[in-house]
Number of protein chains: 2
Amino acid sequence: MKLKHLAAAGLALAIAAGALAQGKPEDEIRYRQSVMNVIGHAFGPMIAMAQGKIPYDKAVVAKNSNLIEALIGLPWPAFGPGTDKGAPTQASKKIWSEPAKFKHASDNVQQAVADLDKTAQGGDEKTVKVALGHLGKACKACHDDFRTKEFHRN
Amino acid sequence: MKLKHLAAAGLALAIAAGALAQGKPEDEIRYRQSVMNVIGHAFGPMIAMAQGKIPYDKAVVAKNSNLIEALIGLPWPAFGPGTDKGAPTQASKKIWSEPAKFKHASDNVQQAVADLDKTAQGGDEKTVKVALGHLGKACKACHDDFRTKEFHRN
């Protein structure tokens, strides 16, 4: 593929993905929601394992923890100034009015993910389930404080 | 965190993320769109580098290629039967009427991602840009054939 073709294809892809529109509130909102959605899907089976609803699968835990570790740093920069509205969002206004608290809560989540990923690569079932519990707690704490129950536009 | 609390928190998170609703068309559509959105954001800066719009950054290329490699296997199972509608989607009906062609196109994308990731971890700028070109071409080929220009509901 020649570079000029790559340029055209790349531009089309980038526009489609909103990659060149960084800073546009609706694109930032969509991006952070997308990341959270993918993280939630990766977390789902591990929660089901922790609950005993499906058998513990070390390979899935290792793979999904690794994926979450690769994703967990991505959403926070997308909560920039002016991205509190522009598309339906569950982001609480407190994200912007209490940034230190939000950073603390999101740091806790990232630390819990790092711990889970480290544990998942070698730990036994019991240790991993403890790490999953810590992560669940950190996620919930941040959601309780900084996510509204309903989507809002303003 | 006790297991019963984990269960409650986990269930809430999983429902929020649609993780337990696997098979519900709107959730599958949202999930595959989310994965594509995150992939697009990771691809964006590499396209800009290939175009010379921003300086080549080996660390970003290695990191983003690795992320795309972790994500690229995820969307395809979410194009299951009955997920051609249920929420606004750009998925062409051809995905379900020409499954072998769709599989071929998506296999090409996954191969191009694997090649890029392998190259990105050690390759020089020129080699990586060739791999980026191949991936851009594979993405575009699949989008041209299997993605509609506008969102549709039916």
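The present account deals with the structure reproduced in this document. Residue positions are given per chain, counted from 1 along the sequence in the order it is written. Naming scheme: in the order in which they are written, chains are lettered from A and ligands are numbered from 1. With pLDDT at 70 or above as the cut-off, local features in this predicted model cover only qualifying residues; side-chain atom pairs require 80 or more to be listed or tallied, and sums for whole chains, interfaces and linings still use all residues. Each side-chain value is worked out from all heavy atoms of the structure, with water and hydrogens disregarded.

The next subject is the overall build of chain A. A tally of regular secondary structure across chain A gives six helices and two strands. When the helices and strands of chain A are read in sequence order from the N terminus, they spell out α-α-α-β-α-α-α-β. The 154 residues of chain A split such that 45% are buried. The contact criterion used throughout is that any non-hydrogen atoms of two residues lie within 4.5 Å. Considering only intrachain contacts with a sequence separation of at least 6, the fraction spanning at least 24 residues in chain A is 74%. Accessible surface is estimated by sampling points in the Shrake-Rupley manner with a 1.4 Å probe; for residues, cover comes only from the protein chains shown. Total accessible area computed for chain A in this model is approximately 7,800 Å², and 57% of it derives from carbon and sulfur atoms. Helical segments are the DSSP runs of H or I of at least four residues, strand segments are the runs of E of at least two, and each set is numbered from the N terminus. We call a residue buried when its accessible area falls under 20% of the maximum for its residue type, exposed when it is over 50%, and partly exposed in between, using a 1.4 Å probe and counting protein chains only.

Moving on, we get to the packing of aromatic side chains. Residues and elements named next belong to chain A. Any two rings among Phe, Tyr and Trp, with Trp reduced to its six-membered ring, count as a pair given centres within 6.5 Å; such a pair is stacked if its planes are under 30 degrees apart, edge-to-face if over 60, and tilted if neither. Scanning the entire structure with this criterion turns up ten aromatic pairs over all chains. When the ring of Phe102 is compared with that of Phe146, the centres are 5.2 Å apart and the planes differ by 65°; the resulting orientation is edge-to-face. Of this pair, Phe102 sits in helix H5 (residues 99-122) while Phe146 is found in helix H6 (residues 125-146), placing the two residues 44 residues apart along the sequence. A relative accessible area of 6% places Phe146 in the buried class. Criterion for a charge above a ring: Arg CZ or Lys NZ at most 6 Å from the ring centre, at most 35 degrees from the ring normal. Here Lys94 stacks its cationic end above the ring of Phe146, 5.8 Å away from the centre of that ring.

In this structure, Lys126 of chain A sits in helix H6. Taking C-alpha positions, Lys126 of chain A is 9.2 Å from Ala50 of chain A, a pair spaced 76 residues apart along the chain.

Okay, the side chain of Arg32 of chain B next. Looking at where Arg32 of chain B falls in the secondary structure, it is placed in helix H2 (residues 25-50). This count recognises Lys and Arg as positive and Asp and Glu as negative, with His and chain-terminal groups excluded. The rule for a salt bridge is simple: a side-chain nitrogen of Lys or Arg has to be within 4 Å of a carboxyl oxygen of Asp or Glu. No salt bridge is formed by the buried Arg32 of chain B. Its closest oppositely charged neighbour is Glu28 of chain B, at 6.7 Å.

Of all hydrophobic cores here, the largest spans 70 residues; its most connected members are Val38, Leu71 and Leu135 of chain A together with Leu71, Val109 and Leu135 of chain B. Going through the elements one at a time, helix H2 (25-50), helix H3 (58-71), H5 and H6 of chain A together with H2, helix H3 (58-71), helix H5 (99-122) and helix H6 (125-146) of chain B are the ones with two or more residues in this core. Filtering out sequence-adjacent residues up to four positions away, Leu71 of chain B remains in contact with Val38, Leu67 and Leu71 of chain A together with Val35, Val38 and Ile39 of chain B. Residue types Ala, Val, Leu, Ile, Met, Phe, Trp, Tyr and Cys, when buried and joined through side-chain atoms within 4.5 Å, form a set referred to as a nonpolar core.

By definition here, a helix of n residues has an expected span of 1.5 Å times n minus one. When the terminal C-alpha atoms of H6 of chain B are compared, their 31 Å separation across 22 residues agrees well with the 32 Å that a helix rising 1.5 Å per residue should span. Those residues of H6 of chain B not exposed but buried are Val128, Ala131, Leu132, Gly133, Leu135, Gly136, Ala138, Cys139, Cys142 and Phe146 of chain B.

Take the layout of surface pockets next. As a volume, the largest pocket reaches approximately 1,200 Å³. Think of a 1 Å grid over the protein atoms and nothing else: a 1.4 Å probe that fits but is trapped marks a cavity, an open set flanked by protein within 12 Å on at least five of seven lines marks a pocket, and residues with an atom within 4 Å of a point count as lining. Together, 42 residues line the largest pocket, and Arg30 of chain A together with Gln33, Ser34, Met36 and Phe151 of chain B are the ones closest to its centre. Take the lining of the largest pocket: its biggest share by element is eleven residues, from H2 of chain B. Here the residues of the lining of the largest pocket sort into 24 nonpolar, ten polar and eight charged. Grid points are joined across faces, edges and corners, and a volume is the space filled by probe spheres set on the points. Basically, the charged four are Asp, Glu, Lys and Arg, the nonpolar ten are Ala, Val, Leu, Ile, Met, Phe, Trp, Tyr, Cys and Pro, and anything else, Gly included, counts as polar.

Tallying each qualifying case throughout the model produces twelve salt bridges over all chains. In this structure, Lys103 of chain A engages Asp107 of chain A in a salt bridge whose closest nitrogen and oxygen atoms are separated by 2.7 Å. Note that Lys103 of chain A and Asp107 of chain A are positioned in helix H5 at a spacing of four residues, about one turn of the helix. The residue Glu125 of chain B makes a salt bridge to Lys129 of chain B at a minimum N-O spacing of 2.9 Å.

Residue and element names in this part refer to chain B. Counted under the stated rule, the structure contains two cavities of 30 Å³ or more. If you add up the space inside the second largest cavity, you get close to 30 Å³. Lining the second largest cavity are Ile39, Phe43, Ile68, Ile72, Val113, Leu135 and Cys139. Of all the secondary-structure elements, those providing two or more residues to the lining of the second largest cavity are H2 and H6.

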